[in-house]
Amino acid sequence: MLHCFGSYILADLLLGEPLIDYFSNNSSVLLASAVWYLIFFCPLDLFYKCVCFLPVKLIFVAMKEVVRVRKIAVGIHHAHHHYHHGWFVMIATGWVKGSGVALMSNFEQLLRGVWKPEANEIMHMSFPTKASLYGAILFTLQQTRWLPVSKASLIFIFTMFMVSCKVFLTATHSHSSPFDVLESYVCPVLFGTALVGDHHHDNHGGAHGGSHGGSGPGSPHSAMATKSKEELSEGSRKKKTKKAD
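Let me begin by describing the structure that accompanies this report. Since we're looking at a predicted model, the values are computed, not measured.

Turning our eyes to something else, we now look at the overall build of the protein. A tally of helices and strands in the protein yields 10 helices and 0 strands. Along the protein, from the amino end to the carboxyl end, the secondary structure elements read α-α-α-α-α-α-α-α-α-α. For the protein, the residues scored as buried account for 30% of the 245 residues in total. Within the protein, contacts between residues at least 6 apart in sequence are counted, and of these 62% link residues at least 24 apart. Accessible surface, the protein as shown: approximately 16700 Å² in total, 69% of it carbon and sulfur.

Structure, rendered in structure tokens:
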């Protein structure tokens, strides 16, 4: 239920509405329960195998992206009804409406007693989560009349973009994001290239030292490497001792 209604729960939480309001929709609850039962308890896993069959899976992926865009637009409109000039509220509501399932996964992991920091959707956004954020920004600009385009046109354009990207990524089993190319140019401009420069300087220094025989047994690099290994061994020993205690 957290996965099926995560977006509605988070949106209601942000707007101060009852968190269980959507559970009053009996047809949606029954549909979610039926899907859960068929996925886990269908004989011979027939339902799961049918859903995972690539042509069928692509149809469901396309349908999901259509619903995602619609939920973002509805979330922005709902937030605008309560906060006419609250841009941040509108963006946040549209974002959780579009990617509530992924954002709810952190809470779901805590309930199951499984914590995976490397799978934190806020720190490491997947393509749907990141696209939902960008879409929420676009729909907020349109809702506040800063983007001169009709809502129907924006919904159509963004839906085609989401469906095309997600179907292509699913068909090719790719985990990359279409935004990677753009971010590789924009992020260094906005956030600097200090890390890239330091990394290049370290590599250049290492290559320069190696070309002049600095990697011999008595070189500073060799001494530092030996010291690092000793520190790692000491750290590992302390961790093991602590675990034994």
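This brings us to a nonpolar patch on the surface. Side chains of Val181, Leu182, Tyr185, Val186, Val189, Leu190 and Phe191 sit close together on the surface and give an oily, nonpolar patch of about 820 Å² of accessible area. Its location among the elements puts valine 186 in helix H8 (residues 180–191).

This paragraph deals with the side chain of serine 99. Structurally, the position occupied by serine 99 is in helix H5 (residues 87–112). Serine 99 gets classed as buried once you look at its relative accessible area, which sits at 3%. Looking at serine 99, its side chain comes within polar contact range of the main-chain oxygen of tryptophan 95, at 2.8 Å. Not counting residues up to four positions away in its chain, the partners in contact with serine 99 are Arg68, Thr129 and Ser132.

Our focus in this paragraph is helix H6 (residues 127–143). For H6, spanning 17 residues, the distance from its first C-alpha to its last is 24 Å, which sits close to the expected 24 Å at 1.5 Å a residue. For H6, the buried fraction is high: 12 of the 17 residues fall into the buried class. Inspection of H6 places Phe127, Pro128, Thr129, Lys130, Ala131, Ser132, Gly135, Ala136, Phe139, Thr140, Gln142 and Gln143 among the buried residues, and these make up the whole buried set. Packing partners of the buried residues in H6 comprise helix H4 (54–82), H5, helix H7 (151–171) and H8. Positioned one or two residues after H6, arginine 145 has a phi angle of 70°, which is positive.

The next thing to look at is the pattern of salt bridges. The full count for this structure, using the stated rule, is 3 salt bridges. Two residues, arginine 68 and glutamate 65, come together in a salt bridge whose shortest N-O distance is 2.9 Å. Taken together, the residues arginine 68 and glutamate 65, both in helix H4 and 3 residues apart, mark about one turn of the helix. You'll find arginine 68 and glutamate 65 in the same group, each marked buried. In this structure, the salt-bridge partner of arginine 112 is glutamate 108, at a minimum N-O distance of 2.4 Å.

With that settled, the discussion passes to unusual backbone geometry. Although it is not a glycine, arginine 145 sits at a positive phi angle of roughly 70°. Relative to the assigned elements, arginine 145 resides in the loop between H6 and H7. For histidine 173, which is not a glycine, the phi torsion comes out positive at approximately 55°. Structurally, histidine 173 is set in the loop between H7 and H8. The exposure class assigned to histidine 173 is exposed, which follows from its relative accessible area of 61%.

Compared with an ideal rise of 1.5 Å per residue, which puts 16 residues at 22 Å, helix H2 (residues 26–41) spans 22 Å between its outermost C-alpha atoms and is within 8% of the ideal. Buried within H2 are the following residues: Ser28, Val29 and Ala32. Within H2, the buried residues cover an arc of 100° as seen down the axis, which keeps them to one side. Residues Asn26, Ser27, Leu30 and Leu31 are exposed on H2 and point more than 90 degrees away from its buried face.

With that out of the way, let us pick up the nonpolar core. Grouped together as the largest cluster of nonpolar side chains are 28 residues, with contacts concentrated most on Phe5, Ile72, Ile76, Phe127, Phe139, Phe158 and Met162. Residue assignment for this core shows that the elements contributing at least two residues are helix H1 (2–15), H2, H4, H5, H6 and H7. Considering every element that reaches this core, the biggest residue donor is H1, with 6 residues. The contacts of methionine 162, once residues within four sequence positions are left out, are Glu65, Arg68, Val69, Phe127 and Ala131.

Note on aromatic pairs: each is described by the distance of the centres and the angle between the planes. All chains considered together, the criterion is met by 12 aromatic pairs. When the centroid spacing of 4.8 Å and the interplanar angle of 85° are considered together, the rings of tyrosine 134 and phenylalanine 179 count as edge-to-face. Here tyrosine 134 is found in helix H6, whereas its partner phenylalanine 179 is found in the loop between H7 and H8, with 45 residues between them in sequence. Exposure remark for phenylalanine 179: the relative accessible area of 12% places this residue in the buried category. Among the aromatic residues, those joined into a cluster by ring pairs are Phe127, Tyr134, Phe139, Phe158, Phe161 and Phe179.

Scoring rules and cut-offs
- Residues numbered from 1 in each chain as written.
- Predicted model: local features only at pLDDT ≥ 70, side-chain atom pairs only at ≥ 80, totals over all residues.
- Heavy atoms only, no water.
- Helix = DSSP H or I, 4+ residues; strand = E, 2+ residues; numbered from the N terminus.
- Buried < 20%, exposed > 50% of the residue type's maximum accessible area, 1.4 Å probe, protein only.
- Contact = heavy atoms within 4.5 Å.
- Areas by Shrake-Rupley, 256 points an atom, 1.4 Å probe, with all protein chains shown as cover.
- Patch = residues over 30% accessible without salt bridge, like charges linked within 9 Å, V, L, I, M, F, W, Y side chains within 5 Å.
- Salt bridge = Lys/Arg side-chain N within 4 Å of Asp/Glu carboxyl O.
- Polar contact = N/O pair within 3.5 Å; in protein donor to acceptor, adjacent residues only side chain to side chain.
- Expected span 1.5 Å × (residues − 1).
- Arc of directions from axis to C-beta.
- Core = buried A, V, L, I, M, F, W, Y, C linked by side-chain atoms within 4.5 Å.
- Phe/Tyr/Trp six-rings, centres within 6.5 Å; stacked < 30°, edge-to-face > 60°.

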